[in-house]
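A closer look at the structure
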Amino acid sequence: MTHFGKFIIFKWVSSNFVGSNKALLSSMMSLFNIAESPRFFRTKRVVQTEHGQSINPVSRTAAQTALLEYLYVTRNIQFTDADSMSKNSPHFLEKLLAKVDIDADIGQSITRFLCFHPINEFEPFFESLGLKPHDYNPLLPRDLMFLCDDGLLLQNYHVLCNYGIARSKIGKIYKEATEVFGYDYGVLALKLKAYEELGLSQSFMIKLVVCSPYLLIGEVNADFIKVLEILRKQGVEISRIEEHLSEKSSYDWSKLLSLLILFGHAGYNGEQLGGLISQHLGIFFEDSVDRIYLLIGFLLKFGSTMNQICSMFLQFPQMKFEEFFSNLRNCFLFLNEIRMEAREIQNIFCSDPLMLGSCRLKKPNTLRLALHAADKRMCKVIQENPQVLKKWVMGSKVERLPNLRLKSRKLKTKFLLDLGIVDDSNEIGKAVKVFRGSGEKFQERFDCIVEAGFSRKDVCGMIKASPQILNQTKDVLEKKIDFLVNNVGYPVSYLVTFPSYLNFTTQRVELRLAMYNWLKDQGKSVSMLSLRSLISLSDKRFIDEYVNSHPRGPQIWQDLKKEIYDE
């Protein structure tokens, strides 16, 4: 017997048996298992409604029963439909409770209210289909209040229910493909049968209709058929597709078809495409086709080729694409937040996107504290070895980075002792302070000077005489040596006697020589100067003694200075 039937009998018994008949009433309650129903045993638990009313579960159940009685008995709606509407429309029920006296008998109050205030039956109906008020309000018919006035809606609704689709899922179908519920009698059943004739089972169709309601509009969807043909050609069974379909998602089969065609034209042969689909079928059915397009565009913008992208998908890890895409996005945001150069970010993303998509990185602030490192240091560590990001993922224990100053000091000390530049270990502290930069770079700069045509002994002597020359990069040293030989015309061996030349800029040397030569060309009697004297003089002394010795000297000096320094 249905709960509603038990309720009707119980009401009749309770109104006709009093006093000594309480025992009979109790036995009947036991017979119908009414003791388990909160309708008849009040509790102290109270629920606060959206309208600020305190409604306990017993009152709520009474309200549902009164609504069921109204829909089934008064409005003559099918019992299964009325039962679903009364039990699965909480928002409508709260709105109804707000209009009656909740301190009186809830059931009688609602029954009395409904006798004089007919409701818009489409509201509880749509809510029972799984739609929220903000979803169904725009869908309410303007000129109808009673369900019986829309026979086609109910008829198509029952077709879907009888087919096996859960009532709570039908709302999604109504929202995305409303015209389906306006089909004439028998049309919807024929459309479902047309898809079954493609070899699709009823269980597959139930999932398909919920996640792609638009397939029921018009003829059998051509894009869907083509996708099935491609998947079947690659050996994918319908049962595997059904496993990956999610009723919570919405699929655009035309986009999925375009993606499969894109992969086919972009570099995959038939075997590779089959392998991708077979091994990673899930990524095509995670409601992620749009994100796959975004990822492809993202990697192309960073300089990846389509062949590289295809290769990445062939090696795709066993994880949800949504998670992979989220990790990749967060990696980009992380690298951007620590101020890594755009070119370096591009190189990392092009070289190993699979690794980046597999890493769920900790937050930048967390890593700054754990590594005890600033952004610049983290950028350098990542550029030297991007795989280090695997050690910085959520849930891992991050080790503090080694102290760079201590490491650099050790390298500097070893370099100075190995070359004999410092003989007394007591002088190492002073010597180390003279050399700026990382210890790793000193050997590179030393070798650069040796390769210019000097012996190691000569270079050691030059460094002892002018230690600052090792504070310059390899490129700067090479440029200054080349300028001395090819522009000034001095042999490279000149540096042995005057290593401090390397401490001056090429612009300073060029400017002093140009001014000195101009003065000589003007017939000005100037003393002969060595290169050492010419460039070692302070600017003030050089200007006073040489530039100002000619009336046009200051103007020529400014012109030469502008010409040389603006190059």
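No experiment lies behind these values; they were computed from the predicted model shown.

Definitions and cut-offs
Residues numbered from 1 in each chain as written. Predicted model: local features only at pLDDT ≥ 70, side-chain atom pairs only at ≥ 80, totals over all residues. Heavy atoms only, no water. Helix = DSSP H or I, 4+ residues; strand = E, 2+ residues; numbered from the N terminus. Buried < 20%, exposed > 50% of the residue type's maximum accessible area, 1.4 Å probe, protein only. Areas by Shrake-Rupley, 256 points an atom, 1.4 Å probe, with all protein chains shown as cover. Axes fitted to C-alpha atoms, helices over the stretch in contact; angles between N-to-C directions. Parallel < 35°, antiparallel > 145°, perpendicular 65-115°, else oblique. Left-handed = near helix turned anticlockwise from the far one by under 90°. Contact = heavy atoms within 4.5 Å. Nonpolar A, V, L, I, M, F, W, Y, C, P; charged D, E, K, R; others polar. Core = buried A, V, L, I, M, F, W, Y, C linked by side-chain atoms within 4.5 Å. Salt bridge = Lys/Arg side-chain N within 4 Å of Asp/Glu carboxyl O. Expected span 1.5 Å × (residues − 1). Arc of directions from axis to C-beta. Phe/Tyr/Trp six-rings, centres within 6.5 Å; stacked < 30°, edge-to-face > 60°. Lys NZ or Arg CZ within 6 Å of the ring centre and 35° of its normal. Patch = residues over 30% accessible without salt bridge, like charges linked within 9 Å, V, L, I, M, F, W, Y side chains within 5 Å. Lys, Arg positive; Asp, Glu negative; His and termini not counted. Charge placed at Lys NZ, Arg CZ, Asp CG, Glu CD. pLDDT = per-residue confidence, 0-100.

A count of helices and strands for the chain gives 33 helices and 2 strands. Within the chain, the fraction of its 567 residues that count as buried is 43%. Summing over all exposed atoms, the chain offers an accessible surface of approximately 30,600 Å²; the carbon and sulfur share of this is 51%.

Okay, the packing of helix 11 (residues 187–196) against helix 12 (residues 202–211) next. Their axes nearest at 10 Å, the elements helix 11 and helix 12 cross at an angle of 120°. On the basis of the axis angle, helix 11 is oblique to helix 12. Classified by chirality, the crossing of helix 12 by helix 11 is right-handed. The residues of helix 12 that touch helix 11, namely those facing Leu-192, Tyr-195 and Glu-196, are Gln-202, Met-205 and Val-209. Here the residues of the contact of helix 11 with helix 12 are counted per class, giving 4 nonpolar, 1 polar and 1 charged.

The nonpolar side chains of a soluble globular protein tend to be buried, and buried together. One finds Phe-313 and Trp-392 to be the most contacted residues of the largest nonpolar core, which totals 123 residues. Setting aside residues no more than four positions away along its own chain, Trp-392 makes contact with Phe-334, Leu-361, Lys-362, Leu-367, Leu-371, Met-378, Val-381, Ile-382 and Val-398. Phe-454, Ile-469, Val-488 and Tyr-501 belong to the second-largest nonpolar core, a separate cluster that totals 25 residues.

This paragraph deals with the pattern of salt bridges. Scanning all chains against the criterion turns up 16 salt bridges. As a salt-bridge pair, Lys-175 and Asp-135 come within 3.1 Å of each other at their nearest N and O atoms. Here Lys-175 is found in helix 10 (residues 167–176), whereas its partner Asp-135 is found in helix 8 (residues 133–136), with 40 residues between them in sequence. With its nearest N and O atoms 2.8 Å apart, the salt bridge here joins Glu-545 to Arg-541. Of this pair, Glu-545 and Arg-541 both sit in helix 32 (residues 539–545), 4 residues apart, which is roughly one turn of the helix. For Glu-545, a relative accessible area of 39% corresponds to the partly exposed category. One network of salt bridges, in which partners are shared, links Arg-339, Arg-368 and Asp-375.

Moving on, we get to helix 33 (residues 553–565). The end-to-end C-alpha distance of helix 33 is 18 Å, a good match for the 18 Å that 13 residues give at a rise of 1.5 Å each. Among all positions of helix 33, only Gly-553, Ile-556, Trp-557, Leu-560 and Ile-564 are buried. Seen from one end, helix 33 has its buried residues packed into an arc of 100°, which puts them on one side. Next to the buried residues of helix 33 lie helix 30 (506–521) and helix 32.

Between its terminal C-alpha atoms helix 17 (residues 289–301) stretches 18 Å, which fits the 18 Å expected from 13 residues at 1.5 Å a residue. If you check which residues of helix 17 are buried, you get Val-289, Ile-292, Leu-295, Ile-296 and Leu-299. Within helix 17, the buried residues cover an arc of 110° as seen down the axis, which keeps them to one side. Turned more than 90 degrees away from the buried face of helix 17, the exposed residues are Leu-294 and Lys-301.

What follows concerns the environment of Leu-328. Mapped onto the elements, Leu-328 comes out in helix 19 (residues 321–337). Owing to a relative accessible area of 2%, Leu-328 belongs among the buried residues under this scheme. Linking Leu-328 and Leu-295, residues 33 residues apart in sequence, is a C-alpha distance of 9.0 Å. Those residues within four positions of Leu-328 in sequence are excluded, and the remaining contacts are Leu-295, Phe-349, Pro-353, Leu-356 and Gly-357.

Another point: the packing of aromatic side chains. Aromatic rings considered in pairs are described by the distance between their centres and by the relative angle of their planes. One pass over the structure, following the stated rule, counts 29 aromatic pairs. Ring geometry for Phe-298 and Phe-349: centres 5.5 Å apart, planes at 70°, overall edge-to-face. One end of the pair, Phe-298, is in helix 17; the other, Phe-349, is in helix 20 (residues 342–351), with 51 residues separating them in the sequence. Feature note: the residues Phe-122, Phe-125, Phe-126, Tyr-136, Tyr-157, Tyr-174 and Phe-181 constitute an aromatic cluster, connected by ring pairs. Geometry around Phe-146 places Arg-75 over its ring, the cationic atom sitting 4.2 Å from the centre.

Attention shifts here to a negative patch on the surface. Residues Glu-444, Glu-451, Asp-475 and Glu-478 make up a contiguous surface patch of negative charge. Where the negative patch is concerned, the elements lending two or more residues are helix 26 (439–451) and helix 28 (474–488). With respect to the secondary-structure elements, Glu-478 resides in helix 28.

Once that is clear, we can look at the confidence of the model for the chain. Interpreting fine coordinate detail is not advised for predicted regions of low pLDDT. Here the chain shows a mean pLDDT of 82. Residues at 70 or above account for 83%. Low pLDDT, under 50, characterises residues 1–48; the predicted model gives this stretch 56 contacts beyond four residues in sequence or across chains.

Here the focus is the environment of His-550. Residue position: His-550 is located in the loop between helix 32 and helix 33. Along the primary structure His-550 and Leu-519 are separated by 31 residues, whereas in three dimensions their C-alpha atoms are 7.7 Å apart. Leave out the neighbours within four places in its chain, and His-550 touches Trp-518, Leu-519 and Gln-522.

With that out of the way, let us pick up the side chain of Asn-120. Within the secondary structure, Asn-120 is located in the loop between helix 6 (106–116) and helix 7 (122–128). Not counting residues up to four positions away in its chain, the partners in contact with Asn-120 are Phe-92, Leu-144 and Met-145.

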